[in-house]
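# Understanding the architecture of this molecule
Listed here are the chains, written in short residue letters.
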Amino acid sequence: MTQSQNRITQRGPLLDEHGQLAQRGYATSCILDYDPNTVKLLPFSWMNRLRLKEWDYYGTTTEDFFFSCCLANIGYMGLVFAYFVDFKTRQVIEKTLPTPFGFGCSLPKSSETGDIHFNHFGVKMDFLRREGRRELHVEWKRFHEGRTLKADLELEQPEGKNAIVMVTPIREKHFYYNHKINCMLTQGTVALGEDRRDLTHETAQTTLDWGRGVWEYGTFWNWANASGRLPDGRVLGLNLGKGFGDLSFASENTFYLDGEMHKLGWLELHYDDSNYMKPWTFKTDDDRLNLVLEPFVDRPTFVNLGFAKAEGHQMFGKYSGTLVTNEGETLEIENLIGWAEEHVARW
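What this report covers is the structure whose coordinates are included nearby.

Rules used in this analysis
Residues numbered from 1 in each chain as written. Predicted model: local features only at pLDDT ≥ 70, side-chain atom pairs only at ≥ 80, totals over all residues. Heavy atoms only, no water. Helix = DSSP H or I, 4+ residues; strand = E, 2+ residues; numbered from the N terminus. Rg over C-alpha atoms; globule rule 2.2 N^0.38 Å. Buried < 20%, exposed > 50% of the residue type's maximum accessible area, 1.4 Å probe, protein only. Contact = heavy atoms within 4.5 Å. Areas by Shrake-Rupley, 256 points an atom, 1.4 Å probe, with all protein chains shown as cover. Lys, Arg positive; Asp, Glu negative; His and termini not counted. Charge placed at Lys NZ, Arg CZ, Asp CG, Glu CD. Phe/Tyr/Trp six-rings, centres within 6.5 Å; stacked < 30°, edge-to-face > 60°. Lys NZ or Arg CZ within 6 Å of the ring centre and 35° of its normal. Core = buried A, V, L, I, M, F, W, Y, C linked by side-chain atoms within 4.5 Å. Pairing = 2+ DSSP bridges. Axes fitted to C-alpha atoms, helices over the stretch in contact; angles between N-to-C directions. 1 Å grid on protein atoms, 1.4 Å probe; cavity = no way out; pocket = protein on both sides within 12 Å on 5 of 7 lines; lining within 4 Å. Points joined across faces, edges and corners; volume = space filled by probe spheres on them. Nonpolar A, V, L, I, M, F, W, Y, C, P; charged D, E, K, R; others polar.

### Observations regarding the overall build of the protein chain
Each helix and strand counted, the protein chain has 1 helix and 24 strands in total. Here the C-alpha radius of gyration of the protein chain, 19 Å, is about what a compact globule of 347 residues would show, namely 20 Å. Taken over the C-alpha atoms alone, the protein chain extends approximately 55 × 55 × 45 Å along its principal axes. Taken across its 347 residues, the protein chain has 55% of its residues classed as buried. Taking all contacts inside the protein chain whose residues are at least 6 apart in sequence as the whole, residues at least 24 apart take part in 54%. For the protein chain, the accessible area works out to roughly 15100 Å², and carbon and sulfur atoms hold 50% of it. For the protein chain, the distance from the average position of its 38 positive side-chain charges to the average position of its 48 negative side-chain charges is 6 Å.

Printed below as a string of structure tokens:
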């Protein structure tokens, strides 16, 4: 039988007066207050700022394509990026803009309040939080072959929507505070030059990966995610992860059925790192998840800046297998589009 997980229900600060996590485990909303000024890893505040890693990452899934946009501040550098994956042609179009010392990449302390604005070097991104929804506006000139990337999306997020929030210790004063929201019904447009794609609530869903923390210099993680609908029309979302920090307090493994969270145990994941296109298998120790991902696109990432390196493979494909709900219903999953990734970084 799977071990118990610590659910956080008491509001308070994320870090105590010593700069250590006040609580550890998982929650269903961001009830702990994050303040980067309370990080006490290094003796001077400006030094701590350089060790912080912060990002707001959005990924929108449809049957035909995937679109992502992100603003990140990893202390000594800001990263602004977007990419488009065409599932029919298997083409991956991606562009990244680095900025020194996080220039222009100021991110809010909360995942539920505050807007983000970036407007530099021909790139404009606005991530807006409104009552019951989020808005994404992206305009990137000369994104690919002289064409402008333009996206205007509205994401439905009803008030009180449950999502997985992880408070994970990484050594004594390192930590990761993470809020992932699945299945935000999405409408709007994504266009690359004259190639315009229209999205509706029936065809598109978006995931938010909101992260704040102080990581070790060398890190590794796996993350898997999917959003879609069952044949009967019910909205289904999936979030799985492992590989970073001390996960003995809780797992981030969950799935969502029409907005209800179904919490899972710890993950067993198998894949061939000599050929990422081979099937990936997923199983939780509570026997409530048994899935296989058949990849059809590899989005590789290779970055080498000397002091900072990253290598990753984000595998897009189709999930098939079974899930078991809190009530004991077995869901037969067939060809659910999603992704799984391996990421190794020295940052």
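### Observations concerning the packing of aromatic side chains
The relative placement of two aromatic rings is captured by the distance of their centres and the angle of their planes. Tallied over the entire structure, the rule returns 28 aromatic pairs. With a centroid separation of 6.3 Å and an interplanar angle of 35°, the aromatic rings of tryptophan 55 and tryptophan 215 are classed as tilted. Highlighted residues: tryptophan 55 in strand 4 (residues 52-61) and tryptophan 215 in the loop between strand 15 (205-214) and strand 16 (218-229), separated in sequence by 160 residues. Neither tryptophan 55 nor tryptophan 215 differs from the other in exposure class; each is buried. Seen in terms of ring centroids, tyrosine 177 and tryptophan 210 are 5.7 Å apart; in terms of plane orientation they differ by 80°. Their pairing is edge-to-face. Of this pair, tyrosine 177 sits in strand 13 (residues 174-192) while tryptophan 210 sits in strand 15, placing them 33 residues apart in sequence. Taking the relative accessible area as the measure of exposure, tyrosine 177 reaches 2% and is therefore buried. With a relative accessible area of 1%, tryptophan 210 lands in the buried category. Taken together, the ring pairs connect Tyr57, Phe66, Phe81, Tyr83, Phe87, Trp223, Phe296, Phe316 and Trp339 into an aromatic cluster. It is lysine 263 that lies over the ring of tyrosine 26; its NZ or CZ is 4.9 Å from the centre. Note that arginine 299 overlies the ring of tyrosine 83, its terminal NZ or CZ placed 3.7 Å from the centroid.

### Looking at the nonpolar core
Within the largest apolar cluster, 85 residues are counted, with the highest numbers of intra-cluster contacts made by Met125 and Tyr177. Excluding its chain neighbours within four sequence positions, the residues that come into contact with tyrosine 177 are Leu14, Cys30, Ile31, Leu32, Tyr34, Val165, Met166, Val167, Trp210, Gly211 and Arg212. Judged by nonpolar contacts, the second largest core, of 24 residues, contains Ala226, Leu240, Leu267 and Tyr276.

### A few points about the sheet that holds strand 16
With antiparallel pairing, the 9 strands of this open sheet are ordered in space as 19-18-17-16-24-23-22-21-20. Because the sheet does not close on itself, it has two edges, and the strands there are strand 19 (260-263) and strand 20 (267-270). Across this sheet, the average inter-strand angle for adjacent strands is 20°, counted without regard to direction. In this structure, strand 22 (residues 289-304) lies alongside strand 23 (residues 309-324), joined through 15 bridges in antiparallel fashion. Paired with asparagine 290 across the strands is threonine 322, a residue of strand 23.

### Describing unusual backbone geometry
Notably, phenylalanine 121 is not glycine yet its phi reads approximately 55°, a positive angle. Summarising the element assignment, phenylalanine 121 is placed in the loop between strand 8 (116-120) and strand 9 (123-130). What makes phenylalanine 121 exposed here is its relative accessible area of 57%. If you check the backbone angles, cysteine 183 has positive phi at about 60° while not being a glycine. Structurally, cysteine 183 is set in strand 13.

### Observations regarding the layout of surface pockets
By volume, the largest pocket amounts to about 910 Å³. Taken together, 39 residues form the lining of the largest pocket, with Leu79, Phe81, Trp221, Thr301 and His343 sitting closest to its centre. Classifying every residue of the lining of the largest pocket gives 23 nonpolar, 7 polar and 9 charged. Taken as a whole, the second largest pocket encloses approximately 290 Å³ of empty space. Along its surface, the second largest pocket is lined by 19 residues, and Glu63, Ser227, Gly228, Arg229 and Leu336 are the ones closest to its centre. At the level of secondary structure, the elements contributing two or more residues to the lining of the second largest pocket comprise strand 16 and strand 24 (330-346). Residue contributions to the lining of the second largest pocket peak at 6 residues, all from strand 24. Its residues assigned to classes, the lining of the second largest pocket comprises 7 nonpolar, 7 polar and 5 charged.

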